[in-house]
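Listed below, chain by chain, are the residues.
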Amino acid sequence: MPEEIIKKETEDNTNDLRAIFDLMQKHSEEDEKLITKAYKFAKEAHKNFERLSGDPYIVHLVGTAKNLAEIKADAETIAAGLLHDVLEDTTTKKEDVVREFGDDITFMIEGVTKLGKIKYHGVERHAESLRKLFIATARDIRVLLIKLADRLNNAATLESLHKVRPEKSRRIALETLEIYAPLANRLGMGHIKGELEDLAFPYILPNEYKETVRLRQKKSKEIMKRLEKINRLLCKRLAKAGITKFKTDFRVKHIYSLFLKLQKKNMDIDKIYDLSALRIMVPTTEDCYRVLGIIHNTWRPLPERLKDYIAVPKPNGYQSIHTVIFTGDGGIVEIQIRSEQMHNEAEYGIAAHLAYDESGKKKTGGELSKKLKWITQLIEWQKGVHESESFLDNLKTDFFNNQIFVFTPKGDVVELPEGASPLDFAYLIHTDIGSHAFGAKVNGKMASFDTALKNGDIVEIITREKSTPSPKWLEYAKTSEAIKRIRISLGNTKKNKERLER
Ligand code: MN
């Protein structure tokens, strides 16, 4: 290789890695070594591949790794992020990855590959099941973080795909909007959720997107000026009250969530009070309430708009105080007050909990916030903390709700209770399919009606016109719907028989 090329190559590597390290929080030399190794391994494995944009493949992998570094994922997760496509897209063997990077990273890569096989074709009623399936399949929550980081990068580069395969770019956008963004929201990752929605939006509703952008632009100059003014006065007042440790920033609402609001308000942008918001971050919860007092003492609030999500957090754990004030010059501005910790949790969600603590020591399950109840449960569950009986019971009812997820041969997801049989599946699809079920195939093989279905099974029902329910079926069925239908059919047969005998 000519010297200039080698030099350029080394420079590229250094720049890519620097960009990742700079986004990470406090990390060790060891962490950098691991990430550097993963980077070089991935670059070599994908060296003959390009993205549709013409970029070398490593650009996508570095993009994914940067997204992970930004949400403060740990070094192992970032390394797995760099390697996430090696098993799927290159000739790299699993043994090589295990040898070089160990079982944990290999497990994450395999998890991401598996999730990539689940495709969504926009059947609304399956969306929630599919989201749950994702969580159930991922097993290690870090797999989901990588998948989200991967998707964020793919969504950001949809344009090149759109040029060659518009229908595929639409499917990916739809999946992003209906599966990934709600998933990010569930995991408390507000920032990623907003980004995913905004990236997908123009590919799904192009005209609405343009209109929303136009409306927002029209307003944004006026808004920014007003926010700056409020911010200046606020900083003065806080300083006067002796509050010196605080940060402020302002944001304009994400384009997709603005669109959803506009739809409810007849597309009248003047009716949107939280088009922009001023954020104040202070060290403690007490400080939040002090700041609220100062704000309400300075500007007149809209009383019905005060929301205390600190005392009553949102279901995904989100905490902040929101208040809306009259600015005195005819404007209205939303102000959000939160502690640093609440801010990190709102931005990074679950990732903020998986992160290291101050001393650089990895946090353990016990230190995780109780606020994100189901997430905490999920993590504990993964770590195999099963001591308490009631804890397990809670987990089952709260989180998976004893549910399993199986597929129709076409790939639609069907949600069933644990222990459900092919008959439950049949009745859930259609009463006629249930009552004329003749046989069942599970994963392509004939299976009896008393088979207990498992997560991810593909189930097919064979029907015959003459086939009818037998009393035995009542023992196999688990869902109330199937039991009810079988009883009705059996009752009818009995009545018919009696009528014939009479
Ligand atoms: Mn990828």
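Above this note sits the structure.
Everything numeric here is computed off the predicted structure, so don't read it as measured data. (Residues numbered from 1 in each chain as written. Predicted model: local features only at pLDDT ≥ 70, side-chain atom pairs only at ≥ 80, totals over all residues. Heavy atoms only, no water.)

1. Comments concerning the sheet that holds strand β10 (residues 445-447)
Here three strands make up an open sheet; going across it, the order is β10-β9-β11 and the pairing antiparallel. At either margin of the open sheet sits one strand with a lone partner, and together these are β10 and β11 (459-463). Strand-to-strand twist in this sheet, taken as the mean axis angle between neighbours without regard to direction, amounts to 35 degrees. Pairing between strand β9 (residues 437-442) and β11: five bridges, direction antiparallel. Across the sheet, residue Ala440 finds its bridge partner in β11, namely Ile461. Packing of helix α19 (residues 422-429) onto the sheet brings it into contact with β9 and β11, and relative to β11 it is tilted by some 75 degrees. (Pairing = 2+ DSSP bridges. Helix = DSSP H or I, 4+ residues; strand = E, 2+ residues; numbered from the N terminus. Axes fitted to C-alpha atoms, helices over the stretch in contact; angles between N-to-C directions. Contact = heavy atoms within 4.5 Å.)

2. Here we look at the side chain of Asp424
Structurally, Asp424 is set in helix α19. Buried charge without a partner: Asp424 forms no salt bridge, and the closest opposite charge is Lys478, 6.0 Å away. In this structure the side chain of Asp424 is engaged in a polar contact, spanning 2.7 Å, whose partner is the side chain of Thr479. Residue contacts for Asp424: discarding those within four places in its chain leaves Leu416, Tyr476, Ala477, Lys478, Thr479 and Ala482. (Buried < 20%, exposed > 50% of the residue type's maximum accessible area, 1.4 Å probe, protein only. Lys, Arg positive; Asp, Glu negative; His and termini not counted. Salt bridge = Lys/Arg side-chain N within 4 Å of Asp/Glu carboxyl O. Polar contact = N/O pair within 3.5 Å; in protein donor to acceptor, adjacent residues only side chain to side chain.)

3. Examining the environment of Thr157
Here Thr157 lies in the loop between α8 (141-156) and α9 (158-164). Using a relative accessible area of 34% as the deciding quantity, one classes Thr157 as partly exposed.

4. Let's talk about the pattern of salt bridges
Per the counting criterion, the structure on display carries 30 salt bridges. A salt bridge links Asp12 to Lys8; the nearest nitrogen and oxygen atoms lie 2.9 Å apart. Taken together, the residues Asp12 and Lys8, both in helix α1 (residues 3-23) and four residues apart, mark about one turn of the helix. Arg165 serves as the salt-bridge partner of Glu167, at 3.8 Å between the closest nitrogen and oxygen. Overall, Glu167 belongs to the exposed group, its relative accessible area being 53%. Accessibility expressed as a relative area gives 42% for Arg165, which makes it partly exposed. Beyond isolated ion pairs, a larger network of salt bridges with shared partners links Lys219, Glu222, Arg226, Lys229, Asp270 and Asp329.

5. A short note on the coordination of the manganese ion
Ligation of the manganese ion by protein atoms is provided by His60 (NE2), His84 (NE2), Asp85 (OD) and Asp150 (OD), these donors lying 2.2 to 2.4 Å from the ion. Mapping the donors of the manganese ion onto the primary sequence gives the spacing H-x23-H-D-x64-D. Placement of His60 in helix α3 (residues 58-70) and of Asp85 in the loop between α4 (75-82) and α5 (86-89) is noted, with a sequence separation of 25 residues between them. There is no split in this pair, since His60 and Asp85 are both buried. (Donors = N, O, S within 2.8 Å, 3.2 Å for Na, K, Ca; no water.)

6. Quick look at helix α14 (residues 285-298)
If you check α14, its first and last C-alpha atoms are 20 Å apart, about what 14 residues at 1.5 Å a residue would give, namely 20 Å. Three or more residues of α14 are buried, namely Asp287, Cys288, Val291, Leu292, Ile294, Ile295 and Thr298. Down the axis of α14, the buried side of the element spans an arc of 165 degrees, and every buried residue falls inside it. Turned more than 90 degrees off the buried face of α14, the exposed positions are Glu286 and Asn297. Turning to α14, the residues buried within the fold contact α12 (206-240), β2 (276-282), β3 (300-301), β5 (321-326) and β6 (332-339). (Expected span 1.5 Å × (residues − 1). Arc of directions from axis to C-beta.)

7. Regarding the environment of Lys441
Here Lys441 is to be found in strand β9. In this structure, the C-alpha to C-alpha distance between Lys441 and Ile462, residues 21 residues apart in sequence, is 7.7 Å.

8. Quick word on the packing of aromatic side chains
One pass over the structure, following the stated rule, counts seven aromatic pairs. With 5.4 Å between their ring centres and 90 degrees between their planes, Phe201 and Tyr209 make a pair best called edge-to-face. Accessibility expressed as a relative area gives 0% for Phe201, which makes it buried. For Tyr209, a relative accessible area of 26% puts it in the partly exposed group. Ring-pair connections join several aromatic residues into one group, and the members of that group are Phe201, Tyr209, Tyr256 and Phe259. (Phe/Tyr/Trp six-rings, centres within 6.5 Å; stacked < 30°, edge-to-face > 60°.)

9. Points about the packing of α8 against helix α11 (residues 190-204)
The interhelical angle for the contact between α8 and α11, taken along N-to-C directions, is 30 degrees, at an axis separation of 9 Å. If you check the angle between α8 and α11, you find them roughly parallel. As for how α8 packs across α11, the hand of that crossing is left-handed. Mapping the contact onto sequence places Leu148, Arg151, Leu152, Ala155 and Ala156 in α8 and Ile192, Glu195, Leu196 and Leu199 in α11. Here the residues of the contact of α8 with α11 are counted per class, giving seven nonpolar, no polar and two charged. (Parallel < 35°, antiparallel > 145°, perpendicular 65-115°, else oblique. Left-handed = near helix turned anticlockwise from the far one by under 90°. Nonpolar A, V, L, I, M, F, W, Y, C, P; charged D, E, K, R; others polar.)

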